[in-house]
Amino acid sequence: MPYTLFRAPRHALLRTLPLAILCAFSAGPVLAATGDLDKSFGTQGVVTASLSDYTDHIQQLAVQPDGNIVALVTRSGMLLPEPETLLMRYLPNGALDMGFADNGSLKIPSQVGLLYVSGLALQADGKMLVAGYENQAYLDFFAHLSRYNPDGTPDASFGNAGRIVPPTSDMVIFDVAVQEDGRILITGYNLNYELIVARYLTDGTPDTSFGTQGIATAKWGAGTYGGDLAIQPDGAIIVVGEMEDDNWLHLIMTTRFSATGQLDTGFGSDGMALIRPRNDSWWDSASSIALQPDGGIVVTGASTPSSSEISNIVFARLDANGRLDQSFGNKGFRIIPGSSEISFISDGLVQPDGRIFGGGGDGGQYSKMFGIRLNGNGFADTSFSGDGRVKRKIGSRAFANAVAVQPDGKLVLGGYTGASSTSMNEDPAMLRYLANDADNNGAAEPWDLQPDGFSYAPRAGADGLFLVSEAATISGLGAGVAVPVKVSGGEYAVNGGTFTALPGYLRNGDTLAVRVFSADPDVCAAATVSVGGMYAGNSTHLVLGQESIVSARFEAGCP
């Protein structure tokens, strides 16, 4: 079996923006519309700068609560002794944050060999995790996981001087995520061609309570490769990647592990769900996974038919049990024919309002950065740039490797641009688009992630009983927006359903009740529910926008 990588880097090897012209008796000012570039970002919505004489690509993006944008950048070139990785931070206006690390950028050091990275995650305390793998003498592969403080300095409290010491050498890693409790997950594969998920404690030591000595594995066919992961509210771990059969046919696959690292054999078929958009494809590749509030699992990727070298763009949705959702697109798929400009989607996300956004390009000589937005049902969102698509050529060519959503109602594409068709040099590039303009006033609006305040009346204590509050009705959120709900000290129920202590989602009109166990009438029992904010990224339950969170406390038997 040939040696195969899931992605290295993020991809495998305009329409003109509409203008809303408001007219009365004479032409008025031209206003921006949803799907237009955000002119307050960089230069007319575009950020690019030449950092070196080499090839510099943004591979991943993460938006911090203060609006700063963290970018994971890889550098390569024929005259460069070895590939390099940079962690860079940009201010909300697109300018490089000169107060971060060394004038805005930090070079990630390798430990044992050539370093290749593609995973980036933010912790609740503002620290940043970088994941990938190191190749020593082209023979041994070591997991790379390092952590950095908010100012860009290595976190000496993590692992060995800020980096993990991997439990085995046979690990190729592609993604990283942070659990609700701060423990850290990575995914990829080992040199037995098994998909792996490994978990680490907050200090960077292996979590031996997970899987077998901190590692869970699974394999189907000749090889199975983990590429991207997401964490469900109950702590279960969804991984998307590729499965190679005995005939070297590559198929998109997803699998699920329990919170303790056991394969969930009830997911899909015996723990694995295959996603094959076309029966005539010979190479299907996955690029991202994102979770929807209703439990839906959105997968993006590409499918290459045997009769063509141009891939088709693929969106697919599975239900919570790993079955294709027949209500999404065409029997679970939304397939967009590829072209010389658009043939690969590199990254995808789910917005707070449930709509889906993905970005990519073609990678060819004349490629353009592009973004596609779908409604939650898998069909084009025509409110976004007229047809649900945006396209932008920067320099001679451009490609998007990463997407990010901001709490203020904007979408960011990150990738690279080539200034000249005769030069191999490429520079980091970002585009930012207006994504939420419900008032049609030409300005991006926040997603309205903060509900109206609510409260619960206290109750007298009881002797060994569960006591339930009255139900509060949620209001004040944006149209279609779903926000996180969490509880401490008790349980909650939505719309009269089952009580739970696990995180979940709420929308306008939902009712929220809380219960506590009162062991003694004279002993205070209390629970606090928190509602609002936005989950950051596709693979973490970190909440963005703390100022958007509303809390209410239910007390029983308290003075």
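In this text, all values refer to a predicted model and were calculated from it rather than measured experimentally.

A closer look at the state of the cysteines
Chemically, a disulfide is nothing more than a covalent bond linking the sulfur atoms of two cysteines. On inspection of all chains with the given rule, the structure shows one disulfide. Two residues share a disulfide in this structure: C524 and C558, whose sulfurs sit 1.8 Å from each other. Here the S-S torsion is close to 70°, and the disulfide linking C524 with C558 is therefore right-handed. Remark: C558 occurs in the segment after strand 39 (550-556) and C524 occurs in the loop between strand 35 (511-518) and strand 36 (525-531); sequence separation between them is 34 residues. You can call C524 partly exposed: its relative accessible area is 38%.

Brief notes about the sheet that holds strand 25 (residues 369-374)
One open sheet accounts for four strands, arranged 23-24-25-26; its pairing is antiparallel. Edge positions in the sheet fall to strand 23 (344-350) and strand 26 (389-392), since each has one partner strand and no second. Averaged over all adjacent pairs, the angle separating strand axes in this sheet is 15°, with direction ignored. Where strand 23 meets strand 24 (residues 356-361), six bridges bridge the pair, whose relative direction is antiparallel. By the bridge assignment, F344 is partnered in strand 24 with G361.

Describing the nonpolar core
Counting 45 residues, the largest nonpolar core has M369, L413, L431, F454, Y456, L512 and V529 as its most contacted members. Secondary structure elements with two or more residues in this core: strand 27 (397-405), strand 28 (410-418), strand 29 (427-434), strand 32 (483-488), strand 35, strand 36 and strand 39. Core analysis: the next-biggest nonpolar cluster, separate from the first, contains 18 residues, L195, A216, F257 and M272 among them.

Details of the environment of N279
Along the chain, the position of N279 falls in the loop between strand 18 (272-275) and strand 19 (281-291). Spatially, the C-alpha atoms of N279 and P305 are 8.4 Å apart, while their sequence positions differ by 26 residues.

Some points on the packing of aromatic side chains
Applying the stated criterion across every chain, the model contains eleven aromatic pairs. Centre to centre, the rings of Y116 and Y133 are 5.3 Å apart; their planes meet at 25°, and the pair counts as stacked. With a gap of 17 residues between them, Y116 in strand 8 (residues 114-122) and Y133 in strand 9 (residues 128-136) connect regions that are remote in the sequence. Since its relative accessible area comes to 5%, Y133 is described here as buried.

Looking at the confidence of the model for the protein chain
Per-residue confidence for the protein chain averages 87 on the pLDDT scale, and 88% of its residues sit at or above 70. Counting interchain partners and residues more than four positions distant, the pLDDT-below-50 stretch residues 1-30 has 81 contacts.

Re the sheet that holds strand 8
Sheet architecture is open: three strands sit in the order 8-9-10, paired in antiparallel fashion. The open sheet has two edge strands with one neighbour each: strand 8 and strand 10 (140-148). Mean inter-strand twist for the sheet, computed between neighbouring axes without regard to direction, equals 20°.

Some details on unusual backbone geometry
A positive phi angle, close to 55°, is found at Q44, a residue other than glycine. Locating Q44 in the fold gives a position in the loop between strand 2 (27-31) and strand 3 (46-48). Residues other than glycine seldom take positive phi values, yet D270 does so here, at roughly 60°. Within the secondary structure layout, D270 lies in the loop between strand 17 (250-257) and strand 18.

Brief notes about the pattern of salt bridges
Tallied over the entire structure, the rule returns 22 salt bridges. The shortest N-O distance in the salt bridge between R183 and D207 comes to 2.9 Å. Of the two residues, R183 sits in the loop between strand 11 (171-178) and strand 12 (184-190) while D207 sits in the loop between strand 13 (195-200) and strand 14 (215-218), which places them 24 residues apart along the sequence. What makes R183 partly exposed here is its relative accessible area of 22%. Relative accessible area serves as the criterion here: at 4%, D207 is assigned to the buried category.

Thresholds applied
One numbering rule holds for all chains: residues counted from 1, following each sequence as written. Totals for whole chains, interfaces and linings use every residue, but because this is a predicted model, local features are given only for residues with pLDDT of at least 70 and side-chain atom pairs only at 80 or more, for both listing and counting. Each side-chain value is worked out from all heavy atoms of the structure, with water and hydrogens disregarded. Here, a disulfide means two cysteine sulfur atoms that sit within 2.5 Å of each other. Put simply, DSSP marks the helices as runs of H or I at least four residues long and the strands as runs of E at least two long, and each gets a number from the N terminus on. Buried means the residue's accessible area, taken with a 1.4 Å probe over protein chains only, is under 20% of the maximum for its type, while exposed means over 50%, and partly exposed covers the values in between. A strand pair is defined by DSSP finding two or more bridges across the two strands. Orientation is described by lines fitted to C-alpha atoms, with helices fitted over the stretch in contact, and by angles between N-to-C directions that extend from 0 to 180 degrees. Take the buried residues of types Ala, Val, Leu, Ile, Met, Phe, Trp, Tyr and Cys, join any two whose side-chain atoms come within 4.5 Å, and each joined set is a nonpolar core. Two aromatic rings, drawn from Phe, Tyr or Trp (for Trp, its six-membered ring), form a pair once their centres lie within 6.5 Å of each other, and the interplanar angle then sorts them: stacked below 30 degrees, edge-to-face above 60, tilted otherwise. Per-residue confidence from the predictor is given as pLDDT, running between 0 and 100. The contact definition used throughout considers only heavy atoms, calling two residues in contact when any of these lie within 4.5 Å. Just to be clear on terms, a salt bridge is a Lys or Arg side-chain nitrogen sitting within 4 Å of an Asp or Glu carboxyl oxygen.

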